[in-house]
Amino acid sequence: RAVAMSVSHSSRLNKLVREQYVRLPQDGLVQVTYVWIDGSGEGVRCKSRTLDKEPKSIEDVPEWNFDGSSTAQAEGSNSDMFLVPVCMFRDPFCLDPNKLVLCEVLKYNRKPAETNLRHTCKKIMDLVKDSHPWFGMEQEYTLLGINGHPYGWPDNGFPGPQGPYYCGVGADKVYGRDIVESHYKACLYAGVKICGTNAEVMPSQWEFQVGPCEGIEMGDHLWMARFILHRVCEDFGVVATLDPKPMTGNWNGAGCHTNYSTEEMRREGGLKHIEAAIEKLSKRHDYHICVYDPRGGRDNSRRLTGHHETSNIFEFSAGVANRGASIRIPRQVGQDGYGYFEDRRPAANCDPYAVTEAIMRTTVLNETGVETKDYADH
């Protein structure tokens, strides 16, 4: 009874009835669902329209608009915002030929909305494209019941201490695997570059990994993977939170560890380029902390305590195979002398566009200090 009360009402609707309608023929018409980031910088919104034929590329998807006053992105007196399609995926919920389309948001004057961080990220990625930056991001999240309590946890009290849950197997160690596996398959179907998943250290906490992605593709694919996660959770009646510290106390927080390399780091002898990049990052710690969560570091301050496999938010550190450091060089990379490194500081609710842009500004464009350079005139 306790578990039944923790899921949403809509999840109890008969899904077999819905299946009957999903598979009806569409006579050449296509349903396109437009997805965008709202005014919080964390939430995603969506709405759908009909096109008279299947779009073969993003150029075939027309711009659209929405009411920005209802998404904390505009005032009611001037509320229309533009949706500019940037990346297209197959729709795992309505099935082929239907599409999911990720969009940038522009204001009435065609300038990027405040939470449209893709716009400047794309400019930076175009500037550094010759370095061929690859990213892989590890998205941690926590499943909650509709009542806000971690899914599967006792109504009163707590589960046993951390230890048996990470990569665990068994009904007493793992909560919500059906959701995780459904999300994985949905991402594969959609064309999202999901590359793995595992149960995390805190019970009802999970992680999926997206990558390797080059340049702007990283943010595009992670945001769509997040949308698909929230949409899958909707079907199951639970909530996925990206809060960096969903439970206070002796429980792990949630991050979005970011693996990164340039072409020269991936070549023989690349370790020296990895070490040079880490040196640049060490001198710009405050700037990175500021952009690694949506609240200028306040969210991460709850998570980056120096405990629970995190570094201290006030100190920069790096080490081989050290999960208590800001930057971890994998042991294999240390042995091979080339490869990639992992920035463990980004929070689970970070904007991947902001994170990847910041890394490129510091390690390739050699920016220093807390101010960013405007390359618009170059």
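Residues numbered from 1 in each chain as written. Predicted model: local features only at pLDDT ≥ 70, side-chain atom pairs only at ≥ 80, totals over all residues. Heavy atoms only, no water.

S.K.: Talk me through the overall build of the protein; I want residue IDs and the actual numbers.
M.R.: Per the secondary structure count, the protein includes 11 helices and 13 strands. In summary, the protein has a C-alpha radius of gyration of 21 Å against a globular reference of 21 Å for 378 residues, a match within 12%. Along the longest, intermediate and shortest principal axes, the C-alpha atoms of the protein span 60 × 55 × 40 Å. Per-residue burial over the protein gives 51% buried out of 378 residues. Contacts in the protein between residues at least 24 apart in sequence constitute 66% of all its contacts with a sequence separation of at least 6. (Helix = DSSP H or I, 4+ residues; strand = E, 2+ residues; numbered from the N terminus. Rg over C-alpha atoms; globule rule 2.2 N^0.38 Å. Buried < 20%, exposed > 50% of the residue type's maximum accessible area, 1.4 Å probe, protein only. Contact = heavy atoms within 4.5 Å.)

S.K.: Before we move on, can you summarise the domain arrangement of the protein with the specific residues and values?
M.R.: Often the size quoted for an interface is simply the accessible area lost on bringing the parts together. The domains assigned to the protein are domain 1 (10–114) and domain 2 (125–364). Between domain 1 and domain 2 lies a buried interface of about 1,900 Å² when both sides are counted; carbon and sulfur atoms form 69% of it. Between E42 and R295 there is a salt bridge, and its shortest N-O distance comes to 2.8 Å. Here domain 1 and domain 2 share 5 residue pairs in polar contact (both at pLDDT 80 or more) between them. Of all the secondary structure elements, the ones that give two or more residues to the side of domain 1 that touches domain 2 are α2 (15–22), β1 (30–37), β2 (44–51), β4 (80–90) and β5 (99–106). Taken together, the residues of the side of domain 1 that touches domain 2 break down into 12 nonpolar, 3 polar and 6 charged. (Domains from an automatic or database assignment. Buried area = accessible area lost by both parts, 1.4 Å probe. Salt bridge = Lys/Arg side-chain N within 4 Å of Asp/Glu carboxyl O. Polar contact = N/O pair within 3.5 Å; in protein donor to acceptor, adjacent residues only side chain to side chain. Nonpolar A, V, L, I, M, F, W, Y, C, P; charged D, E, K, R; others polar.)

S.K.: Summarise the pattern of salt bridges; cite the residues concerned and give the values.
M.R.: Inspection of every chain in the model, using the stated rule, returns 25 salt bridges. A salt bridge links D343 to R345; the nearest nitrogen and oxygen atoms lie 2.9 Å apart. Overall, D343 belongs to the buried group, its relative accessible area being 0%. Note on R345: relative accessible area 0%, which makes it buried.

S.K.: Outline the pairing of strand β6 (residues 134–144), supporting the account with residue identities and numerical values.
M.R.: For β6, the tally of buried residues reaches 10 of 11 residues, placing the bulk of the element in the interior. Judged from the 8 bridges that link them, β6 and strand β8 (residues 205–214) form a sheet pairing that is antiparallel. Bridge pairing in β8 places T142 opposite Q205. Bridging between β6 and strand β9 (residues 239–241) involves 3 bridges; their strand directions are antiparallel. Looking at β9, one finds that L144 is bridged to V239. (Pairing = 2+ DSSP bridges.)

S.K.: Break down the side chain of S204 for me, citing the residues and quoting the values.
M.R.: The residue S204 is located in the loop between β7 (194–199) and β8 in this model. In this structure S204 comes out as buried when scored by relative accessible area, which is 3%. For S204, the contacting residues outside a window of four places in its chain are Y141, T142, L143, P150, Y151, W153 and Y175.

S.K.: Residues and numbers for the sheet that holds β5, please.
M.R.: The mixed open sheet is built from 5 strands, whose spatial order is β2-β1-β5-β4-β3. Among the strands making up the open sheet, the edge pair consists of β2 and β3 (64–67). Adjacent strand axes in the sheet meet at a mean angle of 40° when their direction is disregarded. As paired strands, β4 and β5 are joined by 8 bridges and run antiparallel to one another. (Axes fitted to C-alpha atoms, helices over the stretch in contact; angles between N-to-C directions.)

S.K.: Residue-level account of the UniProt feature "domain: GS beta-grasp" (unreviewed entry) in the protein, with values.
M.R.: Per the UniProt record, "domain: GS beta-grasp" (unreviewed entry) is found at residues 30–110. The span residues 30–110 is 0% helical and 48% strand by assignment, and the distance between its end C-alpha atoms comes to 28 Å. (UniProt positions renumbered as here; feature names shortened; annotations may be inferred.)

S.K.: So what's going on with unusual backbone geometry? Which residues, and what values?
M.R.: At the junction of D96 and P97, the peptide bond is cis and its omega measures out at 10° in the coordinates. Phi angles above zero are rare outside glycine, and L95 is one such case at about 70°. The topology assignment puts L95 in the loop between β4 and β5. Here the phi dihedral of N366 falls at roughly 60°; this positive angle occurs in a residue that is not glycine.

S.K.: Run through the pairing of β4, naming residues and quoting values.
M.R.: Where β3 and β4 come together, 4 bridges link them in antiparallel fashion. Within β4, the residue paired with W64 across the bridge is L83.

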